[in-house]
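Listed here are the chains, written in short residue letters.
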Amino acid sequence: MKIDGGCHCGHITYRAEVDPEYVVVCHCTDCQTLSGSAYRTVVFAAEDAFELLGGRLKTYVKTAEGGSKRAQNFCPECGSHIYATGVGDGPKTYGIRVGTARQRAELRPTKQFWCRSAQDWVMDLGAVPRVEMQS
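The following paragraphs examine the structure supplied in this document.

**With respect to the packing of aromatic side chains**
Evaluated as defined, the whole model comprises five aromatic pairs. Members of the aromatic cluster, connected to one another through ring pairs, are Tyr14, Phe50, Tyr83 and Tyr94.

Given below as structure tokens:
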């Protein structure tokens, strides 16, 4: 599936080819902290299937609990996280942040990871009262 998107301020734009059957929710504490939310939703693209169209990303390398390093790539202007990838040599897979894609409504999660770190309330959002718009 072809997607395109960018950061909140418009400085970064991209397009990519992704597999919509492999969209994941990650509940790890790193994703909670880096996203400022309870989880992060990601879709994957091979390095050669991702094209940065505008802007230049800033990179922060995070060492995970298990010791692996991940390059977090984000807009230097507004801070929107665009994707993460491994560091070092070899082919890369980009974990694109679904919220940055214009087609995000079509990218439904198919699996959840790091559920031991999930906030208890996340699995029961259906019971929380809804407001359709902020006033």
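Moving on from the model shown.
**Some thoughts on the environment of phenylalanine 44**
Note on placement: phenylalanine 44 falls in strand E4 (residues 40–46). Along the primary structure phenylalanine 44 and threonine 110 are separated by 66 residues, whereas in three dimensions their C-alpha atoms are 12 Å apart. Leave out the neighbours within four places in its chain, and phenylalanine 44 touches Glu17, Val18, Asp19, Tyr22, Val24, Thr93, Tyr94 and Gly95.

**Digging into unusual backbone geometry**
A positive phi angle is found at tryptophan 114, which is not glycine, with a value near 55°. Topologically, tryptophan 114 is positioned in the segment after strand E10 (111–113).

**Brief notes about the sheet that holds strand E2 (residues 13–17)**
Strand order in the open sheet made by the three strands is E1-E2-E5, with antiparallel pairing throughout. In the strand order of this sheet, the two ends are held by strand E1 (2–6) and strand E5 (50–54), each with one partner. Going from strand to strand, the sheet's axes swing by 20° on average, the running direction of each strand aside. As defined by bridge partners, E2 adjoins E5 across four bridges and the pair is classed as antiparallel. Opposite threonine 13, over in E5, you have glycine 54 as the bridge partner.

**A look at the pairing of strand E7 (residues 69–74)**
Sheet topology places strand E6 (residues 58–63) next to E7; six bridges connect them, and they run antiparallel. The residue of E7 that forms the bridge with lysine 62 is arginine 70. Adjacent in sequence and paired antiparallel, E6 and E7 are bridged by five residues, among which glycine 67 carries a positive phi angle near 100°. Summarising the sheet, E7 and strand E8 (residues 81–86) pair through five bridges and their orientation is antiparallel. Directly across from arginine 70, in E8, lies its bridge partner glycine 86. Taking the residues between adjacent antiparallel strands as the criterion, E7 and E8 are bridged by six residues, where glycine 79 takes a positive phi near 85°.

**Considering the pattern of salt bridges**
Proximity of charged atoms lets side chains of opposite charge pair with each other. Per the counting criterion, the structure on display carries five salt bridges. Between lysine 2 and glutamate 17 there is a salt bridge, and its shortest N-O distance comes to 3.3 Å. Residue lysine 2 is found in strand E1, and its partner glutamate 17 is found in strand E2; the two are separated by 15 residues along the sequence. Overall, the relative accessible area of 67% leaves lysine 2 in the exposed class. With a shortest N-O distance of 2.9 Å, glutamate 51 and arginine 15 are connected by a salt bridge. Remark: arginine 15 occurs in strand E2 and glutamate 51 occurs in strand E5; sequence separation between them is 36 residues. Judged by its relative accessible area of 43%, arginine 15 is partly exposed.

The rules behind these values
Residues numbered from 1 in each chain as written. Predicted model: local features only at pLDDT ≥ 70, side-chain atom pairs only at ≥ 80, totals over all residues. Heavy atoms only, no water. Phe/Tyr/Trp six-rings, centres within 6.5 Å; stacked < 30°, edge-to-face > 60°. Helix = DSSP H or I, 4+ residues; strand = E, 2+ residues; numbered from the N terminus. Contact = heavy atoms within 4.5 Å. Pairing = 2+ DSSP bridges. Axes fitted to C-alpha atoms, helices over the stretch in contact; angles between N-to-C directions. Salt bridge = Lys/Arg side-chain N within 4 Å of Asp/Glu carboxyl O. Buried < 20%, exposed > 50% of the residue type's maximum accessible area, 1.4 Å probe, protein only.

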